[in-house]
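# Summary of the model geometry
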Amino acid sequence: MATLLARMPDLRRRVQAQHVADHWGCCSECGGRVQWPCDLHQIAVAAERLARRRPHGPYSQQRLPEPRALRPVTNRGFAAR
């Protein structure tokens, strides 16, 4: 998850900005009594570390390749030819 998030700097920053501690020490975005730092914030921090280690490498702001088009599936679950 961190590897994917390392390629998305805008989303990574947004997660870090939104998932902050409230005055009870819980995540303000996750709701309930989720202790801060929540899992999402920790993943975003790990992604930040990955991105900093390779600022011009595979985790930079490059786009992921477009997904390949899938063949349509018939009503029997088999790919149409």
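Described in the following lines is the structure provided in the data block. (Residues numbered from 1 in each chain as written. Predicted model: local features only at pLDDT ≥ 70, side-chain atom pairs only at ≥ 80, totals over all residues. Heavy atoms only, no water.)

## What to know about the overall build of the chain
Along its length, the chain carries three helices and zero strands. Secondary structure of the chain in N-to-C order comes out as α-α-α. In the chain, which comprises 81 residues, the share counted as buried stands at 22%. In the chain, the share of contacts with a sequence separation of at least 24, taken over all contacts with a separation of at least 6, comes to 45%. Accessible surface, the chain as shown: approximately 6,600 Å² in total, 53% of it carbon and sulfur. (Helix = DSSP H or I, 4+ residues; strand = E, 2+ residues; numbered from the N terminus. Buried < 20%, exposed > 50% of the residue type's maximum accessible area, 1.4 Å probe, protein only. Contact = heavy atoms within 4.5 Å. Areas by Shrake-Rupley, 256 points an atom, 1.4 Å probe, with all protein chains shown as cover.)

## Some details on the environment of Leu4
Mapped onto the elements of the fold, Leu4 is located in helix α1 (residues 2-6). For Leu4, a relative accessible area of 41% translates into the label partly exposed.

## Description of the side chain of Arg12
With respect to the secondary-structure elements, Arg12 resides in helix α2 (residues 9-18). Discounting chain neighbours no more than four positions away, the residues touching Arg12 are Leu5, Ala6, Ala44, Ala47, Glu48 and Ala51.

## Here we look at helix α3 (residues 39-53)
In this model α3 runs 21 Å from its N-terminal to its C-terminal C-alpha over 15 residues, within 8% of the 21 Å that 1.5 Å per residue would give. In the core, the buried residues of α3 are packed alongside α1 and α2. (Expected span 1.5 Å × (residues − 1).)

## Observations concerning the packing of α2 against α3
Viewed as axis vectors pointing N to C, α2 and α3 meet at an angle of 140°, and their least axial separation amounts to 9 Å. Considering the angle they form, α2 stands oblique to α3. As for how α2 packs across α3, the hand of that crossing is left-handed. Contact with α2, carried on its side by Arg12, Val15 and Gln16, involves Leu40, His41, Ala44, Val45, Ala47, Glu48 and Ala51 of α3 and no other residues of that element. (Axes fitted to C-alpha atoms, helices over the stretch in contact; angles between N-to-C directions. Parallel < 35°, antiparallel > 145°, perpendicular 65-115°, else oblique. Left-handed = near helix turned anticlockwise from the far one by under 90°.)

## Focus on the nonpolar core
Most often, soluble globular proteins have nonpolar side chains that are buried together. Among the nonpolar cores identified, the biggest contains seven residues, and these are Ala2, Leu5, Ala6, Val15, Ala44, Ala47 and Leu50. Every element with two or more residues in this core is listed here: α1 and α3. Those residues within four positions of Ala44 in sequence are excluded, and the remaining contacts are Leu5, Arg12, Val15 and Gln16. (Core = buried A, V, L, I, M, F, W, Y, C linked by side-chain atoms within 4.5 Å.)

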